[in-house]
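A structural walkthrough
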Amino acid sequence: MNAAVAQARAAGLSIIDLSIGSSDQPPPEVALEALRRATRDPQSSRYPLFSDTAPLRHSAARYMARRFGVALDPETQMLPLIGAQEGLAHLLLATTDPGDTLLLPDPCYPPYFGAAAVAGLKVHTLPLRPEHGFLPVLADVPASLRPRALLLNYPNNPTSAVASLDFFRATAAWCRARGTLLIHDHPYAELSYAGSGPDVAPSALQAGTEGVVELHSLSKSHHMGGYRVGFAVGDAGAVAALARVKGAIDFHPWLGIQAAAAAALETVPAGLEVFQARRDALLPALHAHGWQAEWPQASMYVWAQPPGLQDSVAYALRAARETGVALAPGRAFGGLGEGYVRFALVQPPELLLEAVRRLAGMGLKV
Ligand SMILES: Cc1ncc(COP(=O)(O)O)c(C=O)c1O
């Protein structure tokens, strides 16, 4: 994709990059102010110890109580992360042994494959199919399988599907019955569109904290992707194991970033309505050109099928090269992603419409 985009640029095309879910909105002003204060404080340059993470842990605990009604002990059930992605890779190392089985959805966020490989896990895939609302059918998992962990993510990347609290209750019960750790990756917790309401993005911890760990991120909700900050919450044993592994590998985020995150978590997430305006512009344009795409209730993505698409990777490469429009090919998210491409709503409506015009002009031939 990088080479294809470079080729388009060399040919003089303007690039419309819709391939990565990196927010283009500014972080909250209180976060920036906390960061400025930290740069002026020489004390903030020391190694951050666990005790130094208390303000962020307490702020995150208040957020979880306010937003989801989940009460957590900031001492034992909460750990700052250098982003949800770092947290997930280390959590798998901390809570599994090489050769264990991990239940992983197909399609899913691609770094999950790498995190499973780094931990030496066997992957058993759970198909996410549109006829089941892109939710896994746990009844189809062989009864003989004893998976060590199940990894889910709703609102979902790439499908934008959402999961109800009833779904999480049933899934948590299924996991507890098998001794399987339920890991819920929740970076899109705040990205539900008006009219859908926050209930479309519940916390898995509302189904209880025992045997459940959830990964939160400031990247999307507070437009702080480059800050690399998030937090893990839930099962005290799993959080303690994660802390031990991270203790061998990293220190906590820089104190200034922790202060910025703690301040951001006290605010009502803002700037998210832009994603809705972009969804509202993009969907009718896609439909007018015969693409299939559901109206997402949450997330910052549109998961779309151009009519008759056979090879999403070849299509995305050609689109980048010939039109300057960069999309994520569905197959990058797993075999069941074939036939789809993913639009990230990270450009203004007029550029989304321009992207659709260019793609329509290109046709499907690869
Ligand atoms: C499902 C999912 N998990 C994790 C991440 C990365 O989160 P963070 O920036 O906190 O590492 C992303 C980013 O796109 C994502 O889509």
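First, a word on scope: everything that follows refers to the structure included in this document. Numbers given for residues are sequential positions, taken from 1 along each chain in its written order. In view of the model being predicted, local features appear only for residues whose pLDDT reaches at least 70, and side-chain atom pairs are presented and counted only at 80 or more, with totals across whole chains, interfaces and linings using the full set of residues. To obtain the side-chain values, all non-hydrogen atoms of the structure were included, while hydrogens and water were left out.

1. Here's the deal with the nonpolar core
Keep this limit in mind: Within this scheme, the nonpolar core is defined by two criteria: the residues are buried Ala, Val, Leu, Ile, Met, Phe, Trp, Tyr or Cys, and they are joined through side-chain atoms within 4.5 Å. Only protein chains enter the accessibility calculation, which uses a 1.4 Å probe; a residue is then buried when its area is under 20% of its type maximum, exposed when over 50%, and partly exposed in between. By definition, any uninterrupted DSSP run of H or I lasting at least four residues is a helix, any uninterrupted run of E lasting at least two residues is a strand, and each is numbered from the N terminus. Contacts are assigned to residue pairs with any non-hydrogen atoms lying within 4.5 Å of each other.
Within the largest apolar cluster, 51 residues are counted, with the highest numbers of intra-cluster contacts made by Met64, Leu150, Tyr154, Leu218, Met224, Val229 and Phe231. Elements supplying a minimum of two residues to this core: helix H2 (29-40), helix H3 (54-68), strand E5 (149-152), helix H6 (165-178), strand E8 (230-234) and helix H8 (255-265). For Val229, the contacting residues outside a window of four places in its chain are Leu56, Leu81, Ile82, Gly83, Ser217, Leu218, Ser219, Met224, Pro253, Ile257 and Ala261. Counting residues in each nonpolar core, the second largest holds 32 residues, with Leu18, Leu272, Ala293 and Met362 among its members.

2. Notes on H8
Buried residues dominate H8, accounting for nine of its 11 residues. Turning to H8, its buried residues number three or more, namely Leu255, Gly256, Ile257, Gln258, Ala260, Ala261, Ala262, Ala264 and Leu265. The inward-facing, buried residues of H8 contact H2, H3 and E8.

3. Description of the pattern of salt bridges
The cut-off we apply is this: For this analysis, a salt bridge means a side-chain nitrogen from Lys or Arg found within 4 Å of a carboxyl oxygen belonging to Asp or Glu.
One pass over the structure, following the stated rule, counts 21 salt bridges. Across the salt bridge formed by Arg46 and Asp52, the nearest N and O atoms sit 2.8 Å from each other. Linking Arg318 and Glu322 is a salt bridge whose minimum nitrogen-to-oxygen distance equals 3.0 Å. Of this pair, Arg318 and Glu322 both sit in helix H10 (residues 312-323), four residues apart, roughly one helical turn.

4. Quick notes on the site of the ligand
Operational definition: We define proximity as follows: a residue is near a molecule or strand when any one of its heavy atoms falls within 4 Å of that partner. Any pair of N or O atoms that falls within 3.5 Å is considered a polar contact. Within protein, one atom must be able to donate a hydrogen and the other to accept it, and sequence-neighbouring residues count only if both atoms are side-chain atoms. Residue burial considers only the protein chains on display, and all accessible areas are found by Shrake-Rupley using a 1.4 Å probe.
The environment of the ligand is made up of 15 residues, and the closest members are Ala84, Asp185, Tyr188, Ser217 and Ser219. A distance of 3.0 Å separates an oxygen atom of the ligand from a polar atom in the backbone of Gln85. Side-chain polar atom of Ser217 to an oxygen atom of the ligand: 2.7 Å apart, as the coordinates give it. The fraction of the free accessible surface of the ligand (400 Å²) that becomes covered by protein chains is 94%.

5. Overview of the packing of H10 against helix H11 (residues 349-362)
Note the following rule: Angles run from 0 to 180 degrees between N-to-C directions of axes, and those axes are lines fitted to C-alpha atoms, restricted for helices to the stretch in contact. Note on terminology: angles under 35 degrees are roughly parallel, angles over 145 are roughly antiparallel, angles of 65 to 115 are roughly perpendicular, and the others are oblique. Residues are grouped as follows: nonpolar covers Ala, Val, Leu, Ile, Met, Phe, Trp, Tyr, Cys and Pro; charged covers Asp, Glu, Lys and Arg; every other residue, Gly included, is treated as polar.
Where H10 contacts H11, the two axes come as close as 10 Å, and the packing angle between them is 110 degrees. Taken together, the axis directions place H10 and H11 in an arrangement best described as roughly perpendicular. Facing Tyr315, Arg318, Ala319, Glu322 and Thr323 of H10, the residues of H11 in contact are Arg358, Leu359 and Met362. In terms of residue class, the contact of H10 with H11 is made up of four nonpolar, one polar and three charged.

6. Thoughts on the sheet that holds strand E7 (residues 212-217)
In a beta sheet, neighbouring strands pair by backbone hydrogen bonds and run either parallel or antiparallel. Let me state the cut-off plainly: Paired strands are those between which DSSP finds at least two bridges.
Pairing in this open sheet of seven strands is mixed, and the strands run E2-E8-E7-E6-E5-E3-E4 from one edge to the other. The open sheet has two free edges, formed respectively by strand E2 (78-81) and strand E4 (122-127), since each of these has just one partner strand. This sheet shows a mean twist of 20 degrees between the axes of neighbouring strands, independent of strand direction. Where helix H4 (residues 84-95) meets the sheet, it contacts E2, strand E3 (101-106), E5, strand E6 (181-185) and E7, and its direction lies at approximately 160 degrees from that of E7. On top of the sheet, helix H7 (residues 236-249) reaches E2, E6, E7 and E8; it is set at about 40 degrees to E2, its chief contact.

7. Re the packing of aromatic side chains
Spelled out, the test is: Any Phe, Tyr or Trp ring, taking Trp's six-membered ring, that has another such ring centre within 6.5 Å forms a pair; planes under 30 degrees apart are called stacked, those over 60 apart edge-to-face, and the others tilted. Either the NZ atom of lysine or the CZ atom of arginine qualifies as a charge over a ring when it sits within 6 Å of the ring centre and within 35 degrees of the ring normal.
Tallying each qualifying case throughout the model produces 11 aromatic pairs. Ring plane angle 80 degrees and centroid distance 5.6 Å describe the contact between Tyr109 and Tyr112, whose orientation is recorded as edge-to-face. Aromatic pair Trp291 and Tyr315: ring centres 6.3 Å apart, planes at 65 degrees, arrangement edge-to-face. Taken together, the positions of Trp291 in the loop between helix H9 (273-288) and strand E9 (292-293) and Tyr315 in helix H10 put the pair 24 residues apart, joining distant regions of the chain. Of the two residues examined, Trp291 and Tyr315, each falls in the buried class. Ring-pair connections join several aromatic residues into one group, and the members of that group are Tyr63, Phe68 and Phe231. We note Arg57 situated over the ring of Phe50; from NZ or CZ to the ring centre the distance is 3.9 Å. The ring of Tyr193 is capped by Arg279, whose NZ or CZ atom sits 4.3 Å from the centre of that ring.

8. Considerations on a nonpolar patch on the surface
What counts here: A patch consists of residues exposed above 30% relative accessible area that lack any salt bridge, with like charges linked at up to 9 Å and nonpolar side chains (Val, Leu, Ile, Met, Phe, Trp, Tyr) linked at up to 5 Å.
A contiguous nonpolar patch, built from Tyr47, Leu49 and Phe251 and spanning about 350 Å² of accessible area, is present on the exposed surface. Assignment of secondary structure puts Tyr47 in the loop between H2 and H3.

Function-wise, these values are silent; they only describe arrangement.
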